Amino acid sequence: MGWRRTASQWAVEYLFRTGELDCVGRNAQFERLYVPAEDEPAPPDAGAAIRELIARAAGSHGIAEISSLADYFRLRVREVRPAVESLLAQEELREVEVSHPAGRRRMLLHRDAPRPTALRTAALVSPFDPIVFHRPRLESLFDVEYRIGIYTPAAQRTTGYYSLMFLLGDLIPARVDLRADRSRGVLEVRGAYREPLPHLPARQRPEDQALTEALADELERAARWQGMDGFEVLTGEGTGELSAALAARCRQLE
C-alpha cells in the first residue's frame, strides 16, 4: 500500500516532528527531502536579498524612478532606499536628469542600460505589459494616464472595456478598444481614441493621417494573428476622435 509507512519512515517522521530534521523540499515523487536541523542553510540576509532584487529591477528597467524599482517586485519604497543607496555607492546606479515635457526629472540609470536611440516601431500593448503595468511610470515617462475599463463601472468608462495602448516610436498617441467577433471572422474596433498627452507640444505629436495609417497596419496584423479575415471600425458617438479616420483607412485596405 502506498500510504503504509515502514519503521524507518516512522522514525524519520518522529525526528521531523521533534525538530531534529527539517524538510527542505520534495522530489519528483513528491517525497519529502530532509536535512539535519543543525545543517539547515542560514536564512538569507533581508537587506542583501532586497539589494539583489532592486539590482535586477534596475537592470530590467534601464532607467527608472525609485517608485518603479520598488514596484517591480512589489516592495515598499522605504524598504528599497538602503538598497538604492548601496547601488549608487557602488556605481551600479547613478542619478541622471531627464528632459520631459512636464519638466526635468531626476531618475536612476543602470550602468548597463543601452544608449538612447530613436525607436522606429509600432505595437499594440496589453494593459498588463511591463511597459504600462506600473501606471505611475507610464504617466511619468509617456504622459499617459490609464485606467483599464474592465475594473471600471460601465457608466464611468471613457475608452471602452479593454482598450490597448498603441505604441508608435517612443510615444503612446492612441488607444483602441477591440473585440474579436469570431462568428463573422472580424476584429471589431469599438473605439479609437487619441491620447491627450497634456504636456507634449503639438508639433511633436503625430498627425492623424500618419497615426491612423500606422494603427491600421497594426490592426491588420492583430486580425491575422487572431485568425480573423480583417477588422472593421465602429463610428459615431462615444467611439473616439480617431474612429472616422480609421474607418476610412479600413475601407481603403479592403
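The paragraphs below set out a description of the structure included in this document.

What counts as what
- Residues numbered from 1 in each chain as written.
- Predicted model: local features only at pLDDT ≥ 70, side-chain atom pairs only at ≥ 80, totals over all residues.
- Heavy atoms only, no water.
- Core = buried A, V, L, I, M, F, W, Y, C linked by side-chain atoms within 4.5 Å.
- Buried < 20%, exposed > 50% of the residue type's maximum accessible area, 1.4 Å probe, protein only.
- Helix = DSSP H or I, 4+ residues; strand = E, 2+ residues; numbered from the N terminus.
- Contact = heavy atoms within 4.5 Å.
- Axes fitted to C-alpha atoms, helices over the stretch in contact; angles between N-to-C directions.
- Parallel < 35°, antiparallel > 145°, perpendicular 65-115°, else oblique.
- Left-handed = near helix turned anticlockwise from the far one by under 90°.
- Pairing = 2+ DSSP bridges.

### Brief notes about the nonpolar core
Okay, step 1: Core analysis: the largest hydrophobic core is formed by 22 residues, its most contacted members being Leu187, Val189, Leu219, Phe231 and Leu246.
Okay, step 2: In terms of residue count, the dominant contributor to this core is helix H7 (residues 208-225) (7 residues).
Okay, step 3: In this structure Leu187 touches Leu178, Arg179, Ala180, Leu219, Ala222, Ala223, Met228, Gly230, Phe231 and Glu232, once residues within four positions along its chain are discounted.

### A look at the packing of H7 against helix H8 (residues 243-253)
A pair of packed helices can be characterised by two numbers: the angle between their axes and the separation between those axes.
Okay, step 1: In the contact formed by H7 and H8, the axes pass within 9 Å of each other and the chain directions differ by 60°. In terms of axis orientation, H7 runs oblique to H8. H8 is crossed by H7, and the crossing has right-handed handedness. In contact with Thr212, Glu213, Leu215, Ala216, Asp217, Leu219 and Glu220 of H7, H8 contributes Ala245, Leu246, Arg249 and Leu253.

### Details of the sheet that holds strand E3 (residues 63-64)
Okay, step 1: Within the open sheet, the 3 strands sit side by side as E3-E5-E4. Their pairing is antiparallel. Each having just a single partner strand, E3 and strand E4 (93-98) make up the two edges of the open sheet.
Okay, step 2: Pairing of E4 with strand E5 (residues 105-110) involves 6 bridges; the strand directions are antiparallel. Pairing of Glu97 across the sheet is with Arg106, part of E5.
Okay, step 3: Packing against the sheet, helix H2 (residues 46-61) makes contact with E3, E4 and E5, and its axis sits at approximately 105° to E5.

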